[in-house]
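Working through the structure, step by step
This is what each chain is made of:
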Amino acid sequence: MNDPIALARPEIRTLAAYEHASWESGFERLHANELPWRAITDHTLAGLNRYPEPHPAALAALLADLYGVLPQQALPCRGSDEAIDLVVRAFCAAGRDAVILCPPTFGMYAVATRVQGAAVVTIPLLRDKGFALDVDAIEARCARGDVKLIFLCTPNNPTGNALEPASVTRILHSSAGRALVVADEAYLEFAAADSLAPLIAQFPHLVVLRTLSKAFGLAGARIGTLIADVRLVSLLRNVLPPYAIAQPCIEAAQQALAPAQQRLARERVAAIVSERARLGAALRELPAVAHVWPSEANFLLVEFDDPAGALARLRKARLLVRDFRDRPGLERALRITVGSPEQNDRLVRSLAC
Ligand SMILES: Cc1ncc(COP(=O)(O)O)c(C=O)c1O
């Protein structure tokens, strides 16, 4: 039987949620020990003297609508970073459980796992196959019984490729009843691939992570969404602290999700996708560049004959890129975020000279 709740830590399954002050409109709030006056500098709609809504329902509904899922399936978090931490804390017991990661991949999966005291099991992506998943190795390791979570990042950071849907489906089949599969879709808006979220109906042990940090340009507001089976969302809501999302961030996200702003976000994503192709083509022409990996995200993984020299030239041009030379298999690689056309031109010029 594939009951994802049964995989959670026993203490979490029986956890009583914190009883926050009731959230009702139409009353004077004399129940939460707040100050009755706003700060003079407070320009929010709701007032920063008030606690925000403990778990913001209207924001959850907007995010659910954006991602095409039920409102009860969407849990707003402080960025997907918090969602990653949340699933690890709720499902992995220190010193007992393990988490599968497929490097090179996003670093927070390993950090959250180590903070929790769970074991990090790495099953590297297959570089020779365009950084594809090693499904056989994942299945074999998962069969040993201690793996509670499998993190899959699609499109993957820093390699940029979207994972093969057939490989993900195989993993979903073989992990049912054993482990949760967490599909991090932080960059999905820049990809041709579809979200895996519709598969939750068939595979209730699938968790999908989305974020407003990338395509919506709200990295500073820290709004991520954990999408999962309704029962899983209820369980994880009890673990998330109440009032986690600050009022200015709730308001910023609600404004960014208005129809006109969503149209603008889609136009900007299209502009980045087109710049990604232009930048990739320009980089491939440069003698200093050994390889530009195909990307479905808003960055390019680029290999250089002399990565240290390339970094030095970019720094001289006051351009920061991400250095991945310490990661196995990426010894010559830098990750370059696709910027504005002007920024991209400047980057190419500085590498050409
Ligand atoms: C794959 C991936 N997941 C999650 C995040 C974190 O996103 P958020 O800003 O929503 O915490 C990042 C940030 O770079 C990322 O690359």
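Rules used throughout
- Residues numbered from 1 in each chain as written.
- Predicted model: local features only at pLDDT ≥ 70, side-chain atom pairs only at ≥ 80, totals over all residues.
- Near = placed C-beta within 6 Å.
- Helix = DSSP H or I, 4+ residues; strand = E, 2+ residues; numbered from the N terminus.
- Nonpolar A, V, L, I, M, F, W, Y, C, P; charged D, E, K, R; others polar.
- Pairing = 2+ DSSP bridges.
- Right-handed = clockwise from strand over helix to strand, strands pointing away.
- Expected span 1.5 Å × (residues − 1).
- Buried ≥ 20, exposed ≤ 12 C-beta atoms within 10 Å, placed from the backbone.
- Arc of directions from axis to C-beta.
- Contact = placed C-beta atoms within 7 Å.
- Axes fitted to C-alpha atoms, helices over the stretch in contact; angles between N-to-C directions.
- Core = buried A, V, L, I, M, F, W, Y, C linked by C-beta atoms within 7 Å.
- Domains from an automatic or database assignment.
- Parallel < 35°, antiparallel > 145°, perpendicular 65-115°, else oblique.
- Left-handed = near helix turned anticlockwise from the far one by under 90°.

1. Looking at the site of the ligand
- As a structural note, the neighbourhood of the ligand is formed by G79, S80, D81, F106, C153, N157, D184, A186, T211, S213, A219 and G224.
- With 3 residues, helix 3 (residues 79–91) is the single largest residue contributor to the shell around the ligand.
- Taken together, the residues that form the shell around the ligand break down as 4 nonpolar, 6 polar and 2 charged.

2. Details of the pairing of strand 3 (residues 119–122)
- Where strand 2 (residues 98–101) and strand 3 come together, 4 bridges link them in parallel fashion. Considered in strand 3, the bridge of V99 is made with V120.
- With helix 4 (residues 108–116) bridging strand 2 and its parallel neighbour strand 3, the resulting β-α-β unit is right-handed.

3. Regarding helix 11 (residues 341–352)
- With 12 residues, helix 11 should reach 16 Å at 1.5 Å per residue; the first-to-last C-alpha distance of 16 Å fits that figure.
- Of the positions making up helix 11, those classed as buried are N344, L347 and L351. The buried residues of helix 11 occupy an angular sector of 60° when projected down its axis, which confines them to one face. Along helix 11, exposed side chains directed more than 90 degrees from the buried face belong to E342 and R349.
- Here the buried face of helix 11 lies against helix 9 (259–284), helix 10 (307–316) and strand 11 (333–337).

4. Topic: the sheet that holds strand 9 (residues 299–304)
- One open sheet holds the 4 strands; their spatial order is 8-9-11-10, and the pairing between them is antiparallel. Of all strands in the sheet, those bounded by a partner on one side alone are strand 8 (289–292) and strand 10 (322–323).
- Along the sheet, helix 10 makes contact with strand 9, strand 10 and strand 11, crossing strand 11 at roughly 30°.

5. Some remarks on the pairing of strand 7 (residues 223–227)
- By the criterion of burial, strand 7 is predominantly enclosed, with 5 of the 5 residues buried.
- The alternating pattern of strand 7 places I223, T225 and I227 and G224 and L226 on opposite faces, both of which are buried.
- Where strand 1 (residues 74–78) meets strand 7, 5 bridges bridge the pair, whose relative direction is antiparallel. Following the sheet pairing, C77 is matched in strand 7 by G224.

6. Regarding the nonpolar core
- Membership of the largest hydrophobic core comes to 100 residues, with the highest contact counts inside it found for V87, V99, L149, I150 and V182.
- Sorting elements by how many residues they give to this core places helix 3 first, with 7 residues.
- Lining this core are residues from two domains, each supplying at least three of them: domain 1 (4–257) and domain 2 (261–352).
- When neighbours within four sequence positions are excluded, I150 is seen to be in contact with I100, I138, C142, I171, S175, A179, V181 and V182.

7. Brief notes about the environment of A93
- Inspection of the secondary structure puts A93 in the loop between helix 3 and strand 2.
- Sequence separation between A93 and P328 is 235 residues, and the spatial gap between their C-alpha atoms is 28 Å.

8. Structural notes on the packing of helix 5 (residues 135–142) against helix 6 (residues 165–175)
- Look at helix 5 against helix 6: their axes get within 10 Å of each other, and the N-to-C directions meet at 15°. With respect to each other, helix 5 and helix 6 are oriented roughly parallel. The two elements helix 5 and helix 6 meet at a crossing, and its hand is right-handed. Mapping the contact onto sequence places V135, I138, E139 and C142 in helix 5 and S167, R170, I171, S174 and S175 in helix 6.
- Taken together, the residues of the contact of helix 5 with helix 6 sort by class into 4 nonpolar, 3 polar and 2 charged.

9. A word on the packing of helix 10 against helix 11
- Look at helix 10 against helix 11: their axes get within 9 Å of each other, and the N-to-C directions meet at 125°. Classified by the angle between their axes, helix 10 and helix 11 sit oblique to one another. When the axes of helix 10 and helix 11 are compared, the crossing they make is right-handed. Along its contact with helix 10, which presents A310, R313 and L314, the element helix 11 presents L347, S350 and L351.
- For the contact of helix 10 with helix 11, the class distribution of residues is 4 nonpolar, 1 polar and 1 charged.

10. Quick word on the domain arrangement of the chain
- One can read the domain layout of the chain as domain 1 (4–257) and domain 2 (261–352).
- Across the contact, 22 residues belong to domain 1 and 21 residues belong to domain 2.
- The residue inventory of the side of domain 1 that touches domain 2, partitioned by class, reads 14 nonpolar, 5 polar and 3 charged.

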